[in-house]
Amino acid sequence: MKKGLPHIILLTLLVSCREVTPEKPVWLNPAPELAVTDLQLQFRCSGKNWKAVLLNFTQPVPLSVRHNDTGITISAVHKKGVTEGPAQLCLSTGDHYFFYPVHLRNSKPVLVSKKDYRSPKTVNPDSSLYQQKIIHDIDEYRNLAPLKNYPGYFAEEEILLPPQAGTSRAIKAEPLSSFYVQPGSCTAIPISAVYIAATKSFSITAGPLQDKYGNTAANGTRVAFSFTDGQTSSRMEAAVWNGYSTISIPSTGNTRCSIKAMINQTVSKTLNLIP
């Protein structure tokens, strides 16, 4: 009997040291929605080592736990807004966790900004000036806000842009909302030449170069100049700048030369060069 006594004492100690699973805390003031900045949640529970956190679909929201004689009181650590929606309130003590489904909302007015998306961002009068527009409002905590002049949260429409080339902003204060109307193809290529005696050369100018709406051709557009004296032919290219493209070719003495300019399929009249 005396030999078995230590085993009995050890077994008694092991049983008494086993951790007792705590009961799930009772939420005394449950609510269908929680305004995080105004949290004052009351729970009846035992123990003094409780922790609390809100788990939503973006990131955990830390909470403060204050113990009292009958349980705990939970409040917010940071008085800021959150991304609204379904979440879970998690209470833990040791290795034991208890979850309560909740719905988060913001109780204070927040800053709302407008979003205006355009597709395509660049249009060209040679193809189409139609553009798709989608708008919505979103607050500083990434929550969609109801639109004031439209039903629901999103509005979509197709708009026809004016044919004037340039850069516009869907939202004036946001450069990232810019969209663009490019100049179309040149409809005609005026060409002229001036003889420069000092250098015995011709200065050839193509321009002004415009599309059918009067937009100046885009800077960098390549103009091909093709000229011949009846025996040999040559070709030069030059870029458009501010609606004009200019090259210089040497005079061939008394030999007459003819020249024309081309942009894609548009060709100028033939100009005869006489020294």
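These numbers come from a predicted model, not from an experiment.

A cis geometry characterises the amide bond from Ser119 onward to Pro120, with omega recorded as 0°. For Pro120, the position within the fold is in the loop between strand 9 (112-119) and strand 10 (122-123). The omega torsion across Gly207 and Pro208 is 0°, close enough to zero to call that bond cis. Among the structural elements, Pro208 can be located in the loop between strand 17 (201-206) and strand 18 (222-228). A positive phi angle is found at Arg142, which is not glycine, with a value near 70°. Mapped onto the elements, Arg142 comes out in the loop between strand 11 (130-139) and strand 12 (144-145). Note on Arg142: relative accessible area 58%, which makes it exposed.

Next up on the list: the packing of aromatic side chains. Within the structure shown, the criterion is met by five aromatic pairs. Ring geometry for Trp27 versus Tyr100: centroids 6.1 Å apart, planes at 80°, classification edge-to-face. Of this pair, Trp27 sits in strand 1 (residues 26-27) while Tyr100 sits in strand 8 (residues 96-105), and the two are 73 residues apart along the sequence. The exposure classification of Trp27 matches that of Tyr100, with both residues buried. Members of the aromatic cluster, connected to one another through ring pairs, are Trp27, Phe43 and Tyr100. Here the basic side chain of Lys24 rests over the ring of Tyr100, its NZ or CZ set 4.6 Å away from the ring centre.

Moving on, we get to the sheet that holds strand 6 (residues 71-76). Reading across from one edge, 1-3-6-5-4-7-8-2 is the order of the eight strands in this open sheet, with mixed pairing throughout. Only two strands of the sheet have a single neighbouring strand rather than two, namely strand 1 and strand 2 (34-35). When strand 3 (residues 41-44) meets strand 6, the two strands line up antiparallel, connected through four bridges. Along strand 6, the bridge assignment pairs Arg44 with Gly71.

A few words on the domain arrangement of the protein. Per the domain assignment, the segments making up the protein are domain 1 (22-105), domain 2 (112-181) and domain 3 (191-273). Taking only C-alpha atoms into account, the centre of domain 1 sits 78 Å from that of domain 3.

Moving on, we get to the environment of Gln265. The topology assignment puts Gln265 in the loop between strand 21 (257-263) and strand 22 (266-267). As a C-alpha pair, Gln265 and Thr93 span 172 residues in sequence and 79 Å in three-dimensional space.

Strand pairs in the sheet, formed through backbone hydrogen bonds, run parallel or antiparallel to each other. Strand order in the open sheet made by the three strands is 10-15-14, with mixed pairing throughout. The sheet is open, and its two edges are formed by strand 10 and strand 14 (166-169), each paired on a single side. Judged from the two bridges that link them, strand 10 and strand 15 (residues 178-181) form a sheet pairing that is parallel. Each residue of the ladder has a partner; that of Thr122, found in strand 15, is Tyr180.

On to the state of the cysteines. Applying the stated criterion across every chain yields a total of zero disulfides. Free cysteine Cys90: the closest other cysteine sulfur is in Cys45, separated by 13 Å. When its relative accessible area of 7% is taken as the criterion, Cys90 is described as buried.

Turning our eyes to something else, we now look at the pattern of salt bridges. Counted by the stated rule, this structure contains six salt bridges. Here Lys114 and Asp137 are joined by a salt bridge, their closest N and O atoms 3.5 Å apart. Separated by 23 residues along the polypeptide, Lys114 in strand 9 and Asp137 in strand 11 bring together distant segments of the chain. According to the relative accessible area criterion, Lys114 is exposed, its value standing at 51%.

Conventions used here
Residues numbered from 1 in each chain as written. Predicted model: local features only at pLDDT ≥ 70, side-chain atom pairs only at ≥ 80, totals over all residues. Heavy atoms only, no water. Helix = DSSP H or I, 4+ residues; strand = E, 2+ residues; numbered from the N terminus. Buried < 20%, exposed > 50% of the residue type's maximum accessible area, 1.4 Å probe, protein only. Phe/Tyr/Trp six-rings, centres within 6.5 Å; stacked < 30°, edge-to-face > 60°. Lys NZ or Arg CZ within 6 Å of the ring centre and 35° of its normal. Pairing = 2+ DSSP bridges. Domains from an automatic or database assignment. Disulfide = S-S within 2.5 Å. Salt bridge = Lys/Arg side-chain N within 4 Å of Asp/Glu carboxyl O.

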